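# Structural overview
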Amino acid sequence: MGRHRVVDHIVGTLAGIGVDYIFGVDGANIEDLYDAAYYRADITAVLAKHEFSAATMADGYSRSGSGLGVIAATSGGGCLNTVPGLGEAFASRVPVLALIGQAPTSLDGRGAFQDTSGLNGSLDAHALFSAVSVYCRRVTAPEDILTALPEAIAAARTGGPAVLLLPKDIQRATLTAVNGSAVSTNHRDRYTGNPHPIARALRRVDGPVTIIAGEQVVRDDARAELERLRSLLRARVACVPDAKDAAGTPGMGSSSALGVTGVMGHPGIADAIAESALCLVVGTRLSVTARAGLDDALRSTQVYSIGAETPYLPCTHVHTKDLRGSLASLTAALTGHGRPARIRVPDSMLHSELHPPAHEGPGIRYRDALTVLDRMLPDAVDVVVDAGNIGASAIHHLPARRGGRFVVALGMGGMGYSFGAGIGMAFGRAADTGGRTVVIAGDGSFYMHGMEIHTAVQYRLPITFLLFDNHAHAMCVTREQVFYGDHYSYNRFGPSRLGAGLAAMFPGLRSLDVADPSELPDALAAALDVDGPSVISIECSPDEVPPFAAFLGNSADAVSQPSTTQKEHVNVVART
């Protein structure tokens, strides 16, 4: 502590820009960073059980809106374990900074243990991490950190992981100069697009407007601005699956919410778009998962887009890295004398659902469980959903909470994401909102990364883990049944009692199994009231088909008929 090392500079800089936590797993080639964090009261190094989960903790912390998510990992297998987590952040454009330890530079290319310098036939970490990041730099001289760190932070803030490869001798080196480039704390120091083309189109539009809201709305903290624009246009609004909390929660245009787009979404959205004179895509690229079933409708109407990424469909696009500012500018341009005059509002809203075939197997039905959860979850609860049949069901059926986040990882769809992401979100949000985080995952995801529940126990985090135990990789079972004639199954597990098992493993953890629907409300009430983490393992069936359009075909029973719900009280845009 008598000198200022590179790691001291890194940790001090991160604390200075408001980073509260570094998530990771310790090891020989990253231990100096942990040492530097120990001596600071304004930043905490959190120990995960696995580097993938540490990466998803950083991802979840970032998605919570609490600031830049940071992960630290050691060399070799440790750093390789981060790749799928960083891949998710890259595909979903989540700001994450990865600090990756490396063997000392003196051993580069000399057969050192865990050498990833790329020299003399060794694995090339720079090439590897460049593929899953928006910025990657190997720091080979102590003073280089003065420029590399601010560059990495700035790159991550544009949306995606930034990676610094840090050899151990560089981490430990003394910095003789500390007057490097300052790191800007102004999150709005970025390009704000001019929405004039969209304003001009909206002034000319003759008919209804539909908005599709995406993940950038939440990332740029632009939900209020989106709602003001939606209200001005009297537009109906749909959300992509990984942005359920972008719009449509109570107080945020819920009376005009169409639901979720895509393969796990609400099919009536296609009719709403087809009936529209203009569709405005806000803050999303509309991947195949998000636009499944919408292509014909989108081709039939004018499509305009605003956001940091151009959508995967023909449209007029306005580029902006500050969606909050751009939406505010667009609303201002459409008020007063610039208001649209011929926007019309339909008499009724369309609400529809996917209807899988009825199932009478053992355990609790997905929708029944989610209906109970919807009834009992209070405001400000954050929901993190994992992959699989229960994930599809939660996306389709469970609304986001007022003031809460609803996170699902659809960039790569890695199973087990929710355990680390929920922990990262709890670290970021619990102190600010006083709310709880609810993780919804299947037993397959639990077997991959569910031991992070121990991390929640260690730090006494307010998280309730709902483990839907169908003794299978159930989405794969469904695929075997639908696409391969149900002649065999590789994807069914043996029986388990996850609740009782976790209660025995982790003393003090409230954890139980529920197989009877009548027991679920009381179990949920108790689990949500615990001071710290809790677990409910919910018995369900691997043979229940989830609300997932690819499994349902075009049968008449698969889609419910449109129904009339609350409508707007005016038929033209309010004059301001």
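Remember, it's a predicted structure, so these values are computed and weren't measured experimentally. (Residues numbered from 1 in each chain as written. Predicted model: local features only at pLDDT ≥ 70, side-chain atom pairs only at ≥ 80, totals over all residues. Heavy atoms only, no water.)

### Quick look at helix H11 (residues 223–233)
For the record, the criterion: Between buried and exposed lies partly exposed: a residue is buried under 20% and exposed over 50% of the maximum accessible area for its type, with that area taken using a 1.4 Å probe on protein chains only. Helix and strand definitions here come from DSSP, where helices need a minimum of 4 consecutive H or I residues and strands a minimum of 2 consecutive E residues; each element is numbered from the N-terminal end.
Listed as buried for H11 are Glu225, Leu226, Glu227, Leu229, Arg230, Leu232 and Leu233. Backbone geometry just after H11 places Arg234 at a positive phi near 50°.

### A word on the pattern of salt bridges
For clarity, the cut-off: Here a salt bridge means any side-chain nitrogen of Lys or Arg lying within 4 Å of a carboxyl oxygen belonging to Asp or Glu.
In this structure the tally under the stated criterion is 28 salt bridges. Across the salt bridge formed by Asp32 and Lys168, the nearest N and O atoms sit 2.8 Å from each other. Pair noted here: Asp32 is in helix H2 (residues 31–38) and Lys168 is in helix H8 (residues 168–172), with a separation of 136 residues, a long-range link. Across the pair Arg344 and Asp206 runs a salt bridge, and its minimum N-O distance is 2.7 Å. One end of the pair, Arg344, is in the loop between helix H15 (323–333) and helix H16 (366–376); the other, Asp206, is in the loop between helix H9 (196–204) and strand S7 (209–213), and 138 residues separate them in sequence. Take Arg344: its relative accessible area is 44%, and that puts it in the partly exposed class. Because the salt bridges share partners, they merge into one network encompassing Glu31, Asp32, Lys168 and Arg172.

### A few points about empty space enclosed by the protein
As a reminder of what qualifies: The definitions used throughout rest on a 1 Å grid laid over the protein atoms alone, on which a cavity is an enclosed set of points accommodating a 1.4 Å probe that cannot get out and a pocket is an open set flanked by protein within 12 Å on both sides along at least five of seven lines; lining residues are those having an atom within 4 Å of a point. Grid points are joined across faces, edges and corners, and a volume is the space filled by probe spheres set on the points. All residues other than Ala, Val, Leu, Ile, Met, Phe, Trp, Tyr, Cys, Pro, Asp, Glu, Lys and Arg, Gly among them, are scored as polar; the first ten of these are nonpolar and the last four charged.
Scanning the model with the defined rule gives 5 cavities of 30 Å³ or more in all. If you tally residues by element for the lining of the largest cavity, the top one is helix H10 (residues 215–219), at 3 residues. A per-class count over the lining of the largest cavity returns 1 nonpolar, 4 polar and 5 charged.

### Regarding the confidence of the model for the protein chain
To keep it simple, the criterion reads: Each residue carries a pLDDT value, the predictor's own confidence for that position, ranging from 0 to 100. Any two residues having at least one pair of non-hydrogen atoms within 4.5 Å are treated as being in contact.
Residue-level pLDDT values for the protein chain average 91, and 91% of them are 70 or greater. Counting interchain partners and residues more than four positions distant, the pLDDT-below-50 stretch residues 560–576 has 39 contacts.

### Here we look at the sheet that holds strand S11 (residues 302–307)
Put simply, the rule reads: Whether two strands pair comes down to DSSP finding at least two bridges between them. Lines are fitted to the C-alpha atoms to define the axes, a helix being fitted only along its stretch in contact, and any angle between axes, read from their N-to-C directions, falls within 0 to 180 degrees.
The 6 strands are arranged S9-S8-S7-S10-S11-S12 in an open sheet whose pairing can be described as parallel. This sheet does not close on itself; its edge strands, each paired only once, are strand S9 (257–260) and strand S12 (316–319). Pairs of neighbouring strands in the sheet enclose a mean axial angle of 15°, with direction left out of account. Judged from the 4 bridges that link them, S7 and strand S8 (residues 236–239) form a sheet pairing that is parallel. Its bridge partner being in S8, Ile212 is matched across the sheet by Ala238. The sheet strands contacting H9 are S7, strand S10 (278–282), S11 and S12, and the helix crosses S11 at an angle near 150°.

### Structural notes on the packing of helix H1 (residues 6–16) against H2
Defined as follows: Working definition: roughly parallel below 35 degrees, roughly antiparallel above 145 degrees, roughly perpendicular at 65 to 115 degrees, and oblique for all remaining angles. Here a crossing is taken to be left-handed if its near helix is turned anticlockwise relative to the far helix by less than a right angle, and right-handed if that turn runs clockwise.
The interhelical angle for the contact between H1 and H2, taken along N-to-C directions, is 55°, at an axis separation of 9 Å. As the angle between them shows, H1 and H2 are arranged oblique. For the crossing formed where H1 meets H2, the hand is right-handed. Along its contact with H1, which presents Val7, Asp8, Ile10 and Val11, the element H2 presents Asp32, Leu33, Ala36 and Ala37. In the contact of H1 with H2, the residues fall into 6 nonpolar, no polar and 2 charged.

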